[in-house]
Amino acid sequence: MFARRVMVVGTGYVGLTTGACLASLGHEVVCADIDAAKVERLRRGVVDIVEPDLAELVAEQTSAGRLSFVVGAGAALGSFEDGRPAEVLFLCVPTPMGAGGVADLRAVESVIEEVGAELAPGTVVVNKSTVPVGTAARTAELLERTDVAVVSNPEFLREGSAVKDFLGPDRIVVGSDNQDAAERVAALYARLGAPTVLTDAASAELMKYAANCFLAMKLSYVNAMAELCERVGADIGDVTEGIGYDRRIGQAFLSPGPGWGGSCLPKDTHALLQVADSADFEFRLLRATIDTNTRQRQRIVDKVRLAVTGKRTGSLSRVRLALLGLTFKAGTDDLRDSPALAIAALLRQAGAELVGFDPAFVEGSKNRDGAAPPTEIDGVPLAADAVSAAQGAEAVLVLTEWPMFRTLDWSVIATAVKRPIVIDTRNIVDPATLRRAGLTAVGLGRRGDGDIAE
Ligand code: UDX
């Protein structure tokens, strides 16, 4: 394998993981960011992102001399050993969703503006961020360089296992209208021995959306199926176990929940809908996937209403509720598009009084921005532990699948609450344990839960 000189612009979640992992594969990597304070922290080995193994990998690769950090893309150009030029430039800058679901490409444009003209002939520019179909072509236009190729190489990293996902990928996707450049990018990953799909740029760009929207669809399907289970007296756990043995379906991504969220699935489903709209294609399946997810949040609120008041139309005004888990999933401190927070907002609108607890935000936990844990999130005051959150509550909601919620001492919670109701939107706490503690368990689509009926 050839060690390449790789420049990564943007040291966010994707950029830093990409930089550190490519260095660990033997490449010489220079990471650039416009945030000087962040670069200074990274140089000292301080990683603000909460991601298993990432800080260790950054420290290891920095001291091995394969990974370094500079301020600004321009500075990265001259930072390789012996002053030689970068061979590959990874664009890992944010592409947030702007108005109407269109990705905002200003960060990509500004990097091209800054260093486009300075790149050595033969450099390959790689788009790693999830971008609209056609961005590689647009990047090439902005570059105005016939001697610099543009390649799309989407990432498929999950928060909480990004390093593992990068170094043990299901597949590598590289798309370009310049096959030679695509092969050079694929070769960066050769050591991983992963199946590699070499394709055109538009297909690679679409593939990222196709994967994430399929996952979102799978989850909306499961959440709808859980609702159907409740209506016909079936059990979603048994149903998903049964269908999951079918290898065409698989066991993964079949857990019902309060709806899917996070920084990718909501953004990507809306963006693909936008892509479809502008291609004059009515993607009804995708629209239904999104609508089912929006409805799921309301469905949880309806469940709370019914469980607490005994009526579908009962009032939640001044009803105290404990919310366990506020992040969009377990194992992260990421609150972006968290279904828990969306549900909290609906509950507050309905007049409920909320107290939250999340193990990502307790004394001593290290948060994304390196700051001390907040005392409230989105107007939800935080308690120091689950029992304090449950104090005086008329229902306890489990909203994130943190493993610690399974093993809480629920009999202590039972003595703290005002009314013994637990609404487990992730179906993670054993209902028998709750019952033994004297608590009524309400899950999603579970047989025998006895959704407290009107
Ligand atoms: C996702 C994709 O998995 C990843 O490939 C892509 O690169 C980025 O988006 P991530 O956003 O980190 O990764 O979260 P993921 O683990 O996929 O979960 C997404 C949402 O679905 C979360 O809200 C999670 O709680 C929910 N989920 C997931 C379920 O409700 N049930 C499941 O069985 C799995």
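Residues numbered from 1 in each chain as written. Predicted model: local features only at pLDDT ≥ 70, side-chain atom pairs only at ≥ 80, totals over all residues. Heavy atoms only, no water.

1. Looking at the overall build of the chain
Selection rule: Under the DSSP-based scheme used, a helix requires at least four consecutive residues in state H or I and a strand at least two consecutive residues in state E, with every element numbered from the N terminus. When accessible area is computed with a 1.4 Å probe and restricted to protein chains, residues below 20% of their type maximum are described as buried, those above 50% as exposed, and intermediate ones as partly exposed. Throughout, a contact is declared for two residues whenever any of their heavy atoms are within 4.5 Å. A 1.4 Å probe and the Shrake-Rupley method give the accessible areas. Residues count as covered only by the protein chains that appear here.
Of the regular secondary structure elements, the chain holds 16 helices and 15 strands. Overall size of the chain, expressed as C-alpha extent along the three principal axes, is 70 × 50 × 40 Å. Within the chain, buried positions represent 53% of all 454 residues. Of all intrachain contacts in the chain linking residues separated by at least 6 positions in sequence, the fraction that spans at least 24 positions is 73%. Counting only carbon and sulfur atoms, one obtains 53% of the accessible surface of the chain, whose full area is about 19600 Å².

2. Structural notes on the packing of aromatic side chains
For any two aromatic rings, the description comes down to two numbers: the centre-to-centre distance and the angle of the planes. Quick reminder of the rule: Two aromatic rings, drawn from Phe, Tyr or Trp (for Trp, its six-membered ring), form a pair once their centres lie within 6.5 Å of each other, and the interplanar angle then sorts them: stacked below 30 degrees, edge-to-face above 60, tilted otherwise. Two conditions define a charge located above a ring, namely a distance within 6 Å from the ring centre to NZ of Lys or CZ of Arg, and an angle within 35 degrees of the ring normal.
Inspection of the entire model under this criterion finds three aromatic pairs. Each ring, one from Phe281 and one from Phe283, has its centre 5.4 Å from the other, and the planes form 55°; the classification is tilted. Above the plane of the ring of Phe156 lies Arg171, whose end atom (NZ or CZ) is 3.5 Å from the centre. Just above the ring of Phe156 sits the side chain of Lys208; from NZ or CZ to the centre is 6.0 Å.

3. A short note on unusual backbone geometry
Although it is not a glycine, Glu144 adopts a positive phi angle of roughly 50°. Note on placement: Glu144 falls in the loop between helix 6 (135-143) and strand 6 (149-152). In this structure, Asp280 takes a positive phi of about 60° despite not being glycine. Mapped onto the fold, Asp280 is located in the loop between helix 11 (265-278) and helix 12 (284-309).

4. Some words on the site of the ligand
For clarity, the threshold we go by: By convention in this text, a residue qualifies as near a molecule or strand provided that one of its non-hydrogen atoms is within 4 Å of it. As used in this structure description, the phrase polar contact means that two N or O atoms lie within 3.5 Å; if the pair is within protein, one of them must be able to donate a hydrogen and the other to accept it, and residues adjacent in sequence are counted only when both atoms belong to side chains.
Surveying the vicinity of the ligand reveals 19 residues, the closest of which are Leu157, Glu159, Ser255, Lys329 and Arg426. Contacts to the ligand include Ser255, whose backbone N or O atom sits 2.8 Å from a nitrogen atom. Within the backbone of Gly261, an N or O atom sits 3.0 Å from an oxygen atom of the ligand. Burial of the ligand by the protein amounts to 92% of the accessible area it has alone, namely 670 Å². No other element matches the four residues that helix 9 (residues 201-232) contributes to the shell around the ligand.

5. Here we look at the pairing of strand 4 (residues 88-91)
Rules: For two strands to pair, DSSP has to find at least two bridges joining them.
Of the two faces of strand 4, both are covered, the one formed by Val88 and Phe90 as well as the one formed by Leu89 and Leu91. By the bridge criterion, four bridges tie strand 1 (residues 5-9) to strand 4 in an arrangement that is parallel. Following the sheet pairing, Val6 is matched in strand 4 by Val88. One ladder, built from four bridges, connects strand 4 with strand 5 (residues 124-127); its direction is parallel. Its bridge partner lying in strand 5, Leu91 is registered against Asn127.

6. Regarding the domain arrangement of the chain
Condition: Domain ranges listed in this record stem from an automatic or a database domain assignment.
Looking at the assigned domains, one finds that the chain contains domain 1 (5-198) and domain 2 (215-442). Using only C-alpha atoms to locate each centre, domain 1 and domain 2 end up separated by 34 Å.

7. Observations regarding the pairing of strand 5
The two faces of a sheet get side chains in turn, since along a regular strand they alternate between them. Applied cut-off: Seen with the strands pointing away from the viewer, any crossover whose path from the first strand over the helix to the second strand runs clockwise is right-handed.
What you see with strand 5 is no split at all: Val124 and Val126 on one side and Val125 and Asn127 on the other are buried throughout. Bridge count between strand 5 and strand 6: four bridges; the pairing is parallel. Bridge assignment links Val125 to a residue of strand 6, and that residue is Val150. Note that the unit made of strand 5, helix 6 and strand 6 has a crossover that is right-handed.

8. Description of the packing of helix 9 against helix 10 (residues 236-244)
The following threshold applies: Helix axes use the C-alpha atoms of the stretch in contact, all axes being lines fitted to C-alpha atoms, and the angles between their N-to-C directions lie in the range 0 to 180 degrees. With respect to orientation, any angle under 35 degrees is reported as roughly parallel, any angle over 145 as roughly antiparallel, any angle of 65 to 115 as roughly perpendicular, and every other angle as oblique. Here a crossing is taken to be left-handed if its near helix is turned anticlockwise relative to the far helix by less than a right angle, and right-handed if that turn runs clockwise. When residues are sorted by character, Ala, Val, Leu, Ile, Met, Phe, Trp, Tyr, Cys and Pro go into the nonpolar class, Asp, Glu, Lys and Arg into the charged class, and all the rest, Gly among them, into the polar class.
The N-to-C vectors of helix 9 and helix 10 enclose an angle of 130°; their axes lie 9 Å apart at closest approach. The angle between the axes of helix 9 and helix 10 places the two elements in the oblique class. Taken as a pair, helix 9 and helix 10 cross one another with a handedness that is right-handed. Side by side, helix 9 and helix 10 meet where Val222, Met225, Ala226 and Cys229 of the first sit next to Ile236, Val239 and Thr240 of the second. When its residues are assigned to classes, the contact of helix 9 with helix 10 shows six nonpolar, one polar and no charged.

9. Considering the pattern of salt bridges
Put simply, the test is: The working definition used for a salt bridge is a side-chain nitrogen of Lys or Arg within 4 Å of a carboxyl oxygen of Asp or Glu.
Per the counting criterion, the structure on display carries 28 salt bridges. Among the salt bridges present, the one from Arg284 reaches Glu282, with a minimum N-O distance of 3.7 Å. Among the ionic pairs, Arg336 bridges to Asp334, the shortest N-O distance being 2.9 Å.

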